[in-house]
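# Residue-level structural notes
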Amino acid sequence: MTDTTHFPLTDPIAHHRSGAPRIAGTAVAFTSHRYKQDEVAQELTTMGGPEFMRFAQTAGVDTRSLALPLSRYPKLSGFTEANTAYLEVATDLGEQAIRRALDAAHLGADEVDAIITVSSTGVAVPTIDARVASRVGLRPDVKRIPLFGLGCVAGAAGMSRMHDYLRGYPNHVALLLSVELCSLTLQRDDTSIPALIGVCLFGDGAAAVVATGADRVPSHPGVQADPRVLATRSRLFPDTVDVMGWNVSSSGFQLVMTRDVPKMADKFLGDEVDSFLAEHGLTTDDIATWVCHPGGPKVIDSIASAVGLPLDALAHSTESMRENGNISSASVLDVLRRTIADPPPPGSLGVMLAMGPGFSFELLLLSW
């Protein structure tokens, strides 16, 4: 299944200046519970055995933040207590990320017309967007669009859906919030290889992105440096629902991550990127910067190989992974934040991409 939004891009820069939504502000938020990788592995070794240390040394993660103090994890009684912690921490981090992104965009919370929320590491009804709305001052008539179950692809998918919304409402302001507390899915009795990899790979955090429609008058100078989203593509592969995701039971979320995850990039990503770019008269040679979800060292290698990139083209992805671990859907938004802080030359094009459960890809074409 393919859902593609595209426009004739004989001159991508002209299209960048007329009609495309603008990314106005980005931000991340983490708890104060920050640890080195060996600290996490040593603490969790008592729960999962010595295999933790072996996986920890090859995960490409140096430090990360956790939702709770490390010493509390062995004491969690089960899914109910973990999800209660998710509600509290996710709401706090979501508020922080939103406030910082709005400040970066020079916009007030009362100017936000729609909020898209993505998260797959806890259950919340009402959803996190409703819990933060009054805290940050969102209007009572704000449109709420919560998305659950997209996993690691959700950051990029949320950006795509925000693009779609702002195409329809070019005078509006939209907000994307991602909150992922992967550590709270830890199940002490699960010592499977996917569980061990997950414990040593995933981190916790939140990210927010503010975007404005093409007809919205910018409220601050220097907006020429803000990237715009020109086009998107969603790709869902049939009969791949067992490649990655969660098995949900009375004990909580059990990670599903098969060896086919990097193979999906090896087999399909190169053609998908080429096809997406070709629809706009472009090739990978036209792309100056790559905003890629850092799913793990093997996934980063597979993306570079599939698209034909040198590994330094994914430096921001590697740095995000090393400093924060894989924060699921929030990671690609952290990579976007890093890319905006260190932008390519004006007029450059970029591709944002992520992979996730389904199995699925999400691609976006960006312009600076």
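My aim in this report is to walk through the structure given alongside it, one point at a time. Nothing here was measured: the structure is a model prediction, and the numbers come from that model. (Residues numbered from 1 in each chain as written. Predicted model: local features only at pLDDT ≥ 70, side-chain atom pairs only at ≥ 80, totals over all residues. Heavy atoms only, no water.)

### Observations regarding the side chain of Thr-26
Relative to the assigned elements, Thr-26 resides in strand β2 (residues 22–29). The class of Thr-26 is buried, set by a relative accessible area of 14%. Residue contacts for Thr-26: discarding those within four places in its chain leaves Ala-101, Ala-104, Ala-208, Val-209, Leu-336, Arg-337 and Ile-340. (Helix = DSSP H or I, 4+ residues; strand = E, 2+ residues; numbered from the N terminus. Buried < 20%, exposed > 50% of the residue type's maximum accessible area, 1.4 Å probe, protein only. Contact = heavy atoms within 4.5 Å.)

### A word on the pattern of salt bridges
Where charged atoms from two side chains of opposite charge come close, those side chains can pair. Taken as a whole and assessed by the stated rule, the structure comprises 18 salt bridges. Here Asp-334 makes a salt bridge to Arg-338, at a shortest N to O gap of 2.9 Å. Taken together, the positions of Asp-334 and Arg-338, both in helix α11 (residues 329–341) and four residues apart, correspond to about one turn of that helix. The buried category is assigned to Asp-334, whose relative accessible area is 0%. Salt bridges here are not isolated pairs; linked through shared partners, they connect Asp-92, Glu-95, Arg-99 and Arg-135. (Salt bridge = Lys/Arg side-chain N within 4 Å of Asp/Glu carboxyl O.)

### Some points on unusual backbone geometry
Pro-126 follows Val-125 through a cis peptide bond whose omega is 5°. Inspection of the secondary structure assignment puts Pro-126 in the loop between β5 (114–119) and α5 (128–136). Cis peptide bonds are those with omega within 30 degrees of zero, and the linkage from Gly-358 to Phe-359 qualifies with -10°. Along the chain, the position of Phe-359 falls in the loop between β13 (349–356) and β14 (360–367). A positive phi is found at His-106, a non-glycine position, where the angle reads about 60°. Tracing the backbone shows His-106 in the loop between α4 (79–105) and β5. Backbone geometry at Ser-328 places phi at a positive 55°, although glycine is not the residue there.

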